[in-house]
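The residues making up each chain are set out below.
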Amino acid sequence: MLQSTHTTKAYIALGIVSIFWGTTYLAARIGVQHMHGLMLSGVRQAVAGVLLVGFFLLKGYKLPGKEILSRLFIIGTMMLVGANGMLTWALKYIPSGLGAIIAATVPIWMTIFGFFLVQQKNRISPLLIAGMVIGFIGVIGIFSDYLGDLTNPDFRFGIMLVLISCLSWSMGSVLTAKWALEVNYLYGAGFEMLFSGIVMLGITLITGDFFQAQFTAEAWGSLLYLIFFGSILGYSAYVYTLNNLPPSLASVYAYINPIVAVLLGWLVLDEQLNWTTAMSCLVTLTGVYMVNTAVNKNKETYELS
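Residues numbered from 1 in each chain as written. Predicted model: local features only at pLDDT ≥ 70, side-chain atom pairs only at ≥ 80, totals over all residues. Heavy atoms only, no water.

Draft legend 1. Seen up close, the overall build of the chain. Helix and strand content of the chain: 12 helices and zero strands. The burial tally for the chain puts 52% of its 305 residues in the buried class. (Helix = DSSP H or I, 4+ residues; strand = E, 2+ residues; numbered from the N terminus. Buried < 20%, exposed > 50% of the residue type's maximum accessible area, 1.4 Å probe, protein only.)

Below, the structure written as structure tokens:
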């Protein structure tokens, strides 16, 4: 019964990640028009980290040991500096919907890293592979509308940043599952946010980008939304999902995020949306369904064996 409760909460957390993280691409795209992406991400993570860590310290929690803190620093650096920071920076140069679409390749990398680094209970079945392939085909279909923009060096730089983001996020996610740190997941997420925020703000101070920020009403709106809905709610839900669902299942949010991001980019920022994009989104969702079905079947087989 207890396990069933945890699983239900994990699916709810996965739903939160799938929807709310899709909206953060729009918020970040707006925010980077007023400050460097690393600063936007740095302020977002640092403030969210202070709030979360402070909350648990006030509740009487003790500081984790050095080994746990060092691992939280590594995970935070990979997932929130190498991944979120790079992705936020990239949105200065590419549409928010496209950034989300490229990020949808994360499940493929997570499956590869997980296969070599984690002893998975769920075998890689033909259905799981087919779901990944079909989902990725859908991503390619959406991306095809932007091929002409590759002649722009800024656009290419943005694409490169997103690819780095995908690799960093995938590795950090697998390490989170592999290490299974004995610390409250929200408390740990707070330290990851705090550490990564300090690193990114330090970088912008060194480069001078910190002093170029323009704190307009739009910038404040972007920051507040990213802090509370993207970091505190979204990231905490994601960490909970990772600790209670298989990595391959936890990663399916990356297929749903692009749908939300593309629609919001079209509605709010007038980013392109045509039949090719719409049909490709449906193909991607088909891949999501197949991945979910494969993981659930593998889980049932493991429990019965």
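Draft legend 2. Focus on a nonpolar patch on the surface. Nonpolar side chains collect at one region of the surface, where Val-47, Leu-51, Phe-215, Trp-220, Leu-224, Phe-228, Phe-229 and Leu-233 lie side by side and expose about 700 Å² of accessible area between them. At the level of secondary structure, the elements contributing two or more residues to the nonpolar patch comprise helix H2 (37–58) and helix H9 (217–244). Structurally, Leu-233 can be placed in helix H9. (Patch = residues over 30% accessible without salt bridge, like charges linked within 9 Å, V, L, I, M, F, W, Y side chains within 5 Å. Areas by Shrake-Rupley, 256 points an atom, 1.4 Å probe, with all protein chains shown as cover. Salt bridge = Lys/Arg side-chain N within 4 Å of Asp/Glu carboxyl O.)

Draft legend 3. Quick peek at H2. Here H2 contains 22 residues, and its C-alpha end-to-end distance of 31 Å stays within 8% of the 32 Å for a straight helix at 1.5 Å per residue. Looking one or two residues beyond H2, the residue adopting positive phi is Gly-60, at roughly 100 degrees. (Expected span 1.5 Å × (residues − 1).)

Draft legend 4. Seen up close, the pattern of salt bridges. With the rule as written, the count across this model stands at one salt bridge. Arg-71 serves as the salt-bridge partner of Glu-67, at 3.6 Å between the closest nitrogen and oxygen. Residue Glu-67 and its partner Arg-71 are both found in helix H3 (residues 66–90); the two are separated by four residues, about one turn of the helix. Taking the relative accessible area as the measure of exposure, Glu-67 reaches 53% and is therefore exposed.

Draft legend 5. Layout of the environment of Tyr-11. Structurally, Tyr-11 is set in helix H1 (residues 2–31). Measuring from C-alpha to C-alpha, the distance between Tyr-11 and Ala-250 comes to 8.9 Å, with 239 residues separating the pair along the chain.

Draft legend 6. Focus on the packing of aromatic side chains. Following the criterion strictly, the structure yields 16 aromatic pairs and no others. Taken together, a centroid distance of 5.4 Å and an interplanar angle of 80 degrees make the contact between Trp-89 and Phe-157 edge-to-face. Within this pair, whereas Trp-89 is found in helix H3, its partner Phe-157 is found in helix H7 (residues 153–179), the two being separated by 68 residues in sequence. A centroid spacing of 5.5 Å and a plane angle of 80 degrees characterise the contact between Phe-210 and Phe-211, whose relative ring orientation is edge-to-face. Using a relative accessible area of 61% as the deciding quantity, one classes Phe-211 as exposed. Through a chain of ring-to-ring contacts, the aromatic side chains of Phe-55, Phe-56, Tyr-61, Phe-73, Tyr-187, Phe-191 and Phe-195 assemble into a single cluster. (Phe/Tyr/Trp six-rings, centres within 6.5 Å; stacked < 30°, edge-to-face > 60°.)

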